[in-house]
Amino acid sequence: MMQAATLAQSKPATAASSQPLMSVRGLGIRFKTAQGVWQATRKIDFDIAPGERVGIVGESGCGKTITGLSILRLLPNNLAGIDGSIMLGETDLASCSTRSMRAIRGKRVAMIFQEPMSALDPVFTVGHQIAEALLIHTQISKDEAREKTIDMLRRVGIASPERRIDDYPHQLSGGMRQRVMIAAALICGPQLLIADEPTTALDVTVQAQILELLRDLSVTSQTALMLITHDLGVVAETCTRMITMYAGEVIEDAPTDAALVRPLHPYTSGLLQSLPHLSPRRGKLSSIPGRVPSITEMPNGCRFKARCAFAAPGCDAEQELRDAGHGRKVRCWRFKDLDLPGALQHAASSPAAEMVVQR
Amino acid sequence: MTSAPATETHRDTIVSVRDLEVRFPTLDRRATVKAVDGVNFDVRRGETFGIIGESGSGKTTIGRALVFLQRPTAGAILHNGIDPQSLPRARFQSHRRDYQIIFQDPNAALNPRMSIIASVLEPLELARAGTREERIARAREAMDRVGLPQEICERYPHQLSGGQKQRVLIARALTLRPKLIVCDEVVAALDMSIRGDVLNLFAELQRDLGLTYVFITHDLSVVSHISDRVAVMYLGRFVELGPTEQVSGRPMHPYTQALLSAEPLPLPSTMRSDKRIILEGEIPSPINPPSGCRFRTRCRYAQNLCAEKTPEWRELAADHWVACHFADRPNFSPNDVTAHQERTTT
């Protein structure tokens, strides 16, 4: 098992040596409300390498969706301000003009959402909606665009694309709609695809199809994938790196296997522990006591300390994302002292365990 | 689909379902949706009976039919051996108090304009149980039972977290001291760190109060954790039913095998298999389901026979029922795929 961990840890070192595709530093989002200005996320740092598949995990309200939206600057009207920078090559997406942002959306960075039915316009054919980005961003004739659209539909696994191209969204099933969304997102060959809970609304057998498709397309077209999800299983199956968020901050950033085998932050460990997959059948499930602090009353220092079994006086100090070596980062000053259980330790007495023994 | 799973009814059967059919007309009334199409099973006293299936499989319709929120089109549902529908109205009303249901979305199930205590009191008031003081005492006892502090009595749903709201619904179902509770996707709307708490609560209540659960979910990890027996549903029919360890450890129906294989596991890559069964396409329409075996359009083992003949509901191992023509053929069980599936500890 240890071998597995070292193997996984050696991977990102090579990825980190190359120039990142996108580099986020000190990203924070503030909103205006009737009660004043609220800080939704803060001090978010991470890089995405070209072609890398990164999972952003966390529970509802942790800021993972807002982080995805802020990269494309698709933020609500009550935005009070963006702090920090989002460097995509030479462009800072946090501060560039609306005009240059428009040239990036759909061309260099594309996004797909949870509910494909609400993301697709019901009164236009799917072909129209896929070709739209192509016609806006490139000098291409309508016939060529149609041809490319058919080709793209075929690549996302839609049977008889020549006929399906003229269908309206309501004529397609949920899984097919999500394939259409993926086709529309990838038609201009973006460098980064942001997928926000792309399979949450789908059945598990269809989810498996879509995750396989995203993984394959990312590999073949060298498109980096930023997969936002609450499902650690989805990240484990799809992504090479896992960024865990809590209460508006990144609290851990590590190669997926390493984070699952030996999480460095008590919250990541607690999440793994609470999964029924990894608990003995009908045994007592663990949970993390308490609840996520409200955005209006964020504690000073470590934001997790009130729920943390390892809290100590030093946790009242402001926590920075520390370099933990092997391409890992963690926002916990005690990480060296703690030996936290990961998926393997939990799995030892669970349904997943026998599987390992069998190998 | 003709023979019942247990012809001699189990001694401790609390609910028995025979040849249950529920059909709905489509909006234009030209066609019929066969939401549930010939299902047989017994729920045993004190057990947790899991029903797993994808959207549109009919699992929620079965749950609603079990507590008579949905009238069956055909077939019978017997509570403790009696058909509640044959009872006079007043008896039916008091009878159904023993059979409660809890729904998925606690936001939709609680009236935003009623205080928490008023919501918990409501079933008792409808049942005219005892005096006002006794009712309040029972409501408070139920809230205590599910671990809700008394100070939230006067609060309103918007002031509570998702986990607390789900506890309010559990308390409300408990006030009438039911024998059986149908739990329809009760943890689906909750964050993973609080799911465990709520599932633990269900287990604790079962132990202390001797409750029986019918646990309906699409989440494999939840159903295999909590259930004693599990039924796998596909397009209005059961395809497999058996002890949870058997169904998740040695699945016999190709659909169950695919479902288990599709579940993403939060394990490092060295512990996962790349061999997985990816099903083609999606669940067909229940308006015009495939002939014979309903799964045959997505099944990699499908033969001509599967289109011609509906597979019989057969007991292929002790207490383990399967509807597949080929499930008992020795070369059929694909050992190459089971490595990926959840296994059981004993």
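Residues numbered from 1 in each chain as written. Chains lettered and ligands numbered in written order. Predicted model: local features only at pLDDT ≥ 70, side-chain atom pairs only at ≥ 80, totals over all residues. Heavy atoms only, no water.

**Q** I keep staring at the pairing of strand β1 (residues 22–33) of chain A and nothing clicks. Help me out?
**A** Two faces belong to every sheet, and in a regular strand the side chains alternate between them. Residues and elements named next belong to chain A. Relative to strand β4 (residues 79–88), β1 runs antiparallel, the two being bridged by eight bridges. When the bridges of β4 are listed, Arg 30 appears paired with Gly 81. Note: β1 against strand β2 (residues 36–48), nine bridges, orientation antiparallel. Looking across to β2, one finds that Met 22 is bridged to Ile 48. (Pairing = 2+ DSSP bridges. Helix = DSSP H or I, 4+ residues; strand = E, 2+ residues; numbered from the N terminus.)

**Q** How do you make sense of the interface of chain B and chain A when you look at a structure like this?
**A** Many structure descriptions define interface size as the accessible area lost when the parts assemble. Taken residue by residue, the interface counts 48 residues in chain B and 56 residues in chain A. With both chains or domains summed, chain B and chain A bury close to 4800 Å², and 53% of this area falls on carbon and sulfur atoms. In terms of surface lost to chain A, no three residues of chain B exceed Met 192, His 225 and Pro 266 of chain B, which account for 17% of the buried area on that side. On the surface where chain B and chain A come into contact, there are zero salt bridges. Put simply, chain B and chain A have 15 residue pairs in polar contact (both at pLDDT 80 or more) between them. Contributions of two or more residues to the side of chain B that touches chain A are made by α7 (192–209), α8 (220–226), α9 (244–249) and α10 (254–262) of chain B. Element by element, the count of residues in the side of chain B that touches chain A is highest for α7 of chain B, at six residues. Taken together, the residues of the side of chain B that touches chain A sort by class into 15 nonpolar, 20 polar and 13 charged. (Contact = heavy atoms within 4.5 Å. Buried area = accessible area lost by both parts, 1.4 Å probe. Salt bridge = Lys/Arg side-chain N within 4 Å of Asp/Glu carboxyl O. Polar contact = N/O pair within 3.5 Å; in protein donor to acceptor, adjacent residues only side chain to side chain. Nonpolar A, V, L, I, M, F, W, Y, C, P; charged D, E, K, R; others polar.)

**Q** I'm lost on the sheet that holds β4 of chain A in this one. Help?
**A** For sheets, the rule is that strands pair by backbone hydrogen bonds, running either parallel or antiparallel. All names here are of chain A. Judged by pairing direction, the sheet is antiparallel, and its four strands sit side by side in the order β2-β1-β4-β5 without closing on themselves. Strands with a single pairing partner mark the edges of an open sheet, and in this sheet they are β2 and β5 (91–92). Seen against the sheet, helix α2 (residues 64–71) touches β1, β2 and β4 and runs at an angle of roughly 110° to β1. (Axes fitted to C-alpha atoms, helices over the stretch in contact; angles between N-to-C directions.)

**Q** Looking at this structure, how should I read the packing of aromatic side chains?
**A** Each aromatic ring pair is summarised here by two numbers: the centre-to-centre distance and the angle between the ring planes. Per the counting criterion, the structure on display carries 13 aromatic pairs over all chains. On the basis of an interplanar angle of 50° and a centroid distance of 4.5 Å, the ring pair of Tyr 246 of chain A and Tyr 267 of chain A is categorised as tilted. You can see Tyr 246 of chain A sitting in strand β9 (residues 241–246) and its partner Tyr 267 of chain A sitting in helix α12 (residues 266–273), a full 21 residues away along the chain. Taking the relative accessible area as the measure of exposure, Tyr 246 of chain A reaches 2% and is therefore buried. With a relative accessible area of 0%, Tyr 267 of chain A lands in the buried category. Judged by centre distance (5.6 Å) and plane angle (85°), the rings of Phe 202 of chain B and Phe 215 of chain B are edge-to-face. Linking Phe 202 of chain B in helix α7 with Phe 215 of chain B in strand β7 (residues 212–217), this pair joins segments that are 13 residues apart in sequence. In this structure an aromatic cluster arises from ring pairing among Phe 41, Phe 49, Phe 238, Trp 313 and Trp 321 of chain B. (Phe/Tyr/Trp six-rings, centres within 6.5 Å; stacked < 30°, edge-to-face > 60°. Buried < 20%, exposed > 50% of the residue type's maximum accessible area, 1.4 Å probe, protein only.)

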